[in-house]
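Below, each chain spelled out in residue letters.
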Amino acid sequence: MHNEIVINVAINETRIAMLEDGHLVELWVERPEKERMVGHIYKGVATSILPGMQAAFVDIGLLKRAFLHASDIDNSAVEFSSFVDMPAEDEFLERPRGRGVPIQNLLQKGQEILVQVIKEQIGTKGPRVTSQISLPGRFLVLIPKEEHVGVSRKIEAWSERKRLKRLVANLRPQGFGLIVRTIGKDKTEKEFRQDIHNLMKTWKRIKQRAEKVKSPALVHREMGITSSLIRDLFSEDIDHLVLDSQKEYDEIISYLKVVSPDLCTRVDLYTESVPIFDAYHIESEIDKTFHRKIWLKKGGYIVIDHTEALVTIDVNTGRYVGKGNQAETVLRTNLEAANEIARQLRLRDIGGIIVIDFIDMEDSRHKRMVLSELKKTLKRDRAKTSLSEMSEFGLVEMTRQRVRPSLIHTFSDACPTCDGTGRVTSIMTVVTRIDRWLKRAKVNSTEKRFLFIVHPLVRELLLKNREEQVARLRRQYRFRIQVEGDSTLNMDQYRVFSLSSQRDITDQFKA
């Protein structure tokens, strides 16, 4: 498989695309107004302790208070310098959490505590934080207040795991834990020693700043999106990296010369006049991420819908009729859909609970094949995923690690007209509401002449067939009614004015 990273740097945003065999599979976007927070370290103050939820809210200087669960607090958290593990965004090891100590015994209201963001603000929820710090380097992760040594699960060879563990154990500073990252495979003692040196310098700066500043305050800012992704992703598995910014190119080359000089030859500066994302056919793929419906090559399609609690994905045969029997057609559609679903989850960065409705299959062997295909393609996903078995109705429930809002929240806002439902009030429903408004006015008002301001399409319906609807309303309620159109109104909006007093009386007789 040919893997590429393409970086587009503009004034208002930086976009990083991951391509596998020329297909867009992951996209990261950073804008000044939506800077990513995962990895930032704050000196905060506990503002409320909630024993019933075994959680606390911490003021870290943002508009929304951070959420800290008891399982993310170290038992020794008696001052601001106590720590707990940060679940990493990629391959860092999971460590035991939740030691069973009540939160009221770990943290008190008004207590200062050093915390690290592990999940971005999503919707109305503030960021989630932990009090055990993890500092990722090029090859290692440094964890203060720990003593263990770990190796990424993605390094599978037993002999290499044993070598790395023995090597890093001899280099581990007293009072710190170390985890070897996937990219640390086959690295030498010299490379690990340099990484530890850099991480210890970073930790010393964090400690010094935390002791000086008054809470709440930011004490450490994680690398920008470009630098952090180069650190975390750019390895021997990436065949080519190309970007269109001279400044970023120089910074990447300078960084690689220190940590991985052999990778410098894989980096190119793009200088053509055609925009880089157009040249690599990425822009058109990004546009498709807004679509609910995604067509498959053979003619089937999937539909992705976001709800408050979960994301649903529906699989349909569409135009695909196949050449064999129906069971074979359904199997091929489901197998193709499994591949595309795994790609879309990565590309759109969809997290949380996901329910996939595959086309019904009676053959249990076919069900196993589809589930196996989905699991296989999800192995390339750096986010943690968990799948249930396929139900008798063809449903697969799964979860995917959610660290930041999905891509749809980056590129779009909820529709102010439909409030995110994807539906708007029909014209006839609006006409019916006007009818009810007049019925209330008949009972409670002495006014007899009204001017209705409505959306032009509503006006068109009211005046259709020589004012048929308006004439009916006039006869029924014995009012004088005029109707005008206003394109600035939403379809379900209308304003009512008294023609005698020229006052807006819309709200007087609304339900």
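Refer to the structure printed above.
Scope of this entry: the structure provided in the associated data block.

### Some points on the side chain of Q469
Within the secondary structure, Q469 sits in helix 13 (residues 464–477). When near neighbours in sequence (up to four residues on either side) are disregarded, Q469 contacts M428, V431, L461 and L462.

### Here we look at the packing of aromatic side chains
One pass over the structure, following the stated rule, counts eight aromatic pairs. Between the aromatic rings of W437 and F509, the centroid separation amounts to 5.3 Å while the plane-to-plane angle is 80 degrees, which identifies the pairing as edge-to-face. Taken together, the positions of W437 in helix 11 (residues 427–444) and F509 in the segment after strand 24 (494–498) put the pair 72 residues apart, joining distant regions of the chain. An aromatic cluster of at least three residues, connected via ring pairs, comprises W437, F450, F452, Y477, F479 and F509. Residue placement shows K442 over the ring face of F479; its charged tip is 5.8 Å from the ring centre. One cation-aromatic arrangement involves K510 over Y494; the distance from NZ or CZ to the ring centre is 5.5 Å.

### Digging into the pairing of strand 12 (residues 176–180)
In terms of residue burial, strand 12 counts as a mostly covered element, since five of its five residues are buried. Both strand 11 (residues 149–151) and strand 12 contribute to a ladder of three bridges, which runs parallel. Each residue of the ladder has a partner; that of G150, found in strand 12, is I179. Remark: the strand 11/helix 2 (residues 158–171)/strand 12 crossover connection has left-handed handedness.

### Points about helix 4 (residues 225–233)
In terms of burial, helix 4 is a largely internal element, eight of the nine residues being buried. Where helix 4 is concerned, the buried positions are I225, T226, S228, L229, I230, R231, D232 and L233.

What counts as what
- Residues numbered from 1 in each chain as written.
- Predicted model: local features only at pLDDT ≥ 70, side-chain atom pairs only at ≥ 80, totals over all residues.
- Heavy atoms only, no water.
- Helix = DSSP H or I, 4+ residues; strand = E, 2+ residues; numbered from the N terminus.
- Contact = heavy atoms within 4.5 Å.
- Phe/Tyr/Trp six-rings, centres within 6.5 Å; stacked < 30°, edge-to-face > 60°.
- Lys NZ or Arg CZ within 6 Å of the ring centre and 35° of its normal.
- Buried < 20%, exposed > 50% of the residue type's maximum accessible area, 1.4 Å probe, protein only.
- Pairing = 2+ DSSP bridges.
- Right-handed = clockwise from strand over helix to strand, strands pointing away.

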